[in-house]
Amino acid sequence: MADPILWERLNNINVEELSKRVGVKLAEKGVYELDVLNRTYQIDSNHQKILQSGKEISKEMDEHCSTAFIMYLLEAKDVTPTGEWVSPLDLPFGAQFFRGPHAVPVNRIISRFGNAQQDFDNVCQNLGGKAIEFAYTAYGFNVFKQLPMAALLWVEDDEFPARVSLLVDRTAHLHLQLDALLGALMILEDALLNSISN
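Rules used throughout
Residues numbered from 1 in each chain as written. Predicted model: local features only at pLDDT ≥ 70, side-chain atom pairs only at ≥ 80, totals over all residues. Heavy atoms only, no water. Pairing = 2+ DSSP bridges. Helix = DSSP H or I, 4+ residues; strand = E, 2+ residues; numbered from the N terminus. Contact = heavy atoms within 4.5 Å. Axes fitted to C-alpha atoms, helices over the stretch in contact; angles between N-to-C directions. Core = buried A, V, L, I, M, F, W, Y, C linked by side-chain atoms within 4.5 Å. Buried < 20%, exposed > 50% of the residue type's maximum accessible area, 1.4 Å probe, protein only. 1 Å grid on protein atoms, 1.4 Å probe; cavity = no way out; pocket = protein on both sides within 12 Å on 5 of 7 lines; lining within 4 Å. Points joined across faces, edges and corners; volume = space filled by probe spheres on them. Nonpolar A, V, L, I, M, F, W, Y, C, P; charged D, E, K, R; others polar. Polar contact = N/O pair within 3.5 Å; in protein donor to acceptor, adjacent residues only side chain to side chain. Salt bridge = Lys/Arg side-chain N within 4 Å of Asp/Glu carboxyl O.

Here the focus is the sheet that holds strand β7 (residues 130-131). The five strands are arranged β6-β10-β9-β8-β7 in an open sheet whose pairing can be described as antiparallel. Of all strands in the sheet, those with a lone pairing partner are β6 (85-86) and β7, marking the two edges. In the sheet, strand β8 (residues 137-144) pairs with strand β9 (residues 147-154) via seven bridges, with the strands oriented antiparallel. Looking at β9, one finds that Ala138 is bridged to Leu152. The sheet strands contacting helix α8 (residues 178-194) are β8, β9 and β10 (163-169), and the helix crosses β9 at an angle near 55°.

One finds Ile43, Phe69, Leu73, Phe141, Leu181 and Leu192 to be the most contacted residues of the largest nonpolar core, which totals 63 residues. Broken down by element, this core gets its largest block of residues, eleven residues, from α8.

This part takes up the environment of Ala138. Among the secondary structure elements, Ala138 is positioned in strand β8. Along the chain, Ala138 and Ala150 lie twelve residues apart, while their C-alpha atoms are 7.0 Å from each other. Among all residues touching Ala138, those that are not within four sequence positions of it are Lys130, Ala131, Ile132, Ala151 and Leu152.

Taken as a whole, the largest pocket encloses approximately 290 Å³ of empty space. With five residues, α8 is the single largest residue contributor to the lining of the largest pocket. Looking at the lining of the largest pocket, its residues break down into nine nonpolar, five polar and four charged. In this structure, the second largest pocket spans a volume of roughly 180 Å³. Looking at the second largest pocket, the residues that line it are His64, Thr67, Phe97, Pro101, His102, Asp179, Ala180, Leu182, Gly183 and Met186. Going through the elements one at a time, α3 (59-75) and α8 are the ones with two or more residues in the lining of the second largest pocket. Here the lining of the second largest pocket takes five residues from α8, the largest share from any one element. Counted by class, the lining of the second largest pocket contains five nonpolar, four polar and one charged residues.

You can see Arg21 is positioned in helix α2 (residues 15-22). At 2.7 Å, the side chain of Arg21 forms a polar contact with the backbone oxygen of Leu73. Those residues in contact with Arg21 that sit more than four places away from it in its chain are Ile13, Tyr72, Leu73, Leu74, Glu75, Ala76, Lys77, Asp78, Lys145 and Gln146.

The next thing to look at is the environment of Val15. Secondary-structure assignment places Val15 in helix α2. For the pair Val15 and Lys145, spaced 130 residues apart in sequence, the C-alpha separation works out to 17 Å. Discounting residues that sit within four places of it in the chain, Val15 has contacts with Leu26 and Tyr32.

Under the criterion given, the structure shown has seven salt bridges. For Glu17, the salt bridge goes to Arg21, with nearest N and O atoms at 2.6 Å. With Glu17 and Arg21 both in helix α2, this residue pair falls four residues apart, about one helical turn. A residue is classified by how much of its surface remains accessible, and Arg21, at 11% relative accessible area, is buried.

Right, dumping it as structure tokens:
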């Protein structure tokens, strides 16, 4: 759950400046709408909660991801992405932060898609992903407007185990502090794991 101080800051933000900077829509006073991975989220600063399509997000997602939503609204810069993909570990201080309990969240994605490339392709396309040339198969996403991310899959074969990498644009740290960026990576993880493969 996000710090109440963050909610208070969001309550006092300049709505016109916020809309121009990050492209958020104002659903009603104090309620902001963000389209993320073909899902619509409402960030409700009046009641200090986040909803997806009108329903409160899960307790697990609230715990890990709510700060990412709010910090993006508060801190994201009007900076154009470079188009250069990097590991979160390659960002300033990333190697120190993204380890142990803060590791980039790939293990559950590997378990789900390590032997299921077609399912991975279908899910990524359903989430609005665009194919990019990495790994066996890979997709780029605009998780937030100024925060592109990519998911790369190497399927298991006779020689090597399955592997997944999540990448970010070189500018990611300009928009989110690393703890909030981890939350954004978890938003992508949640979308990959909970979307239906058609």
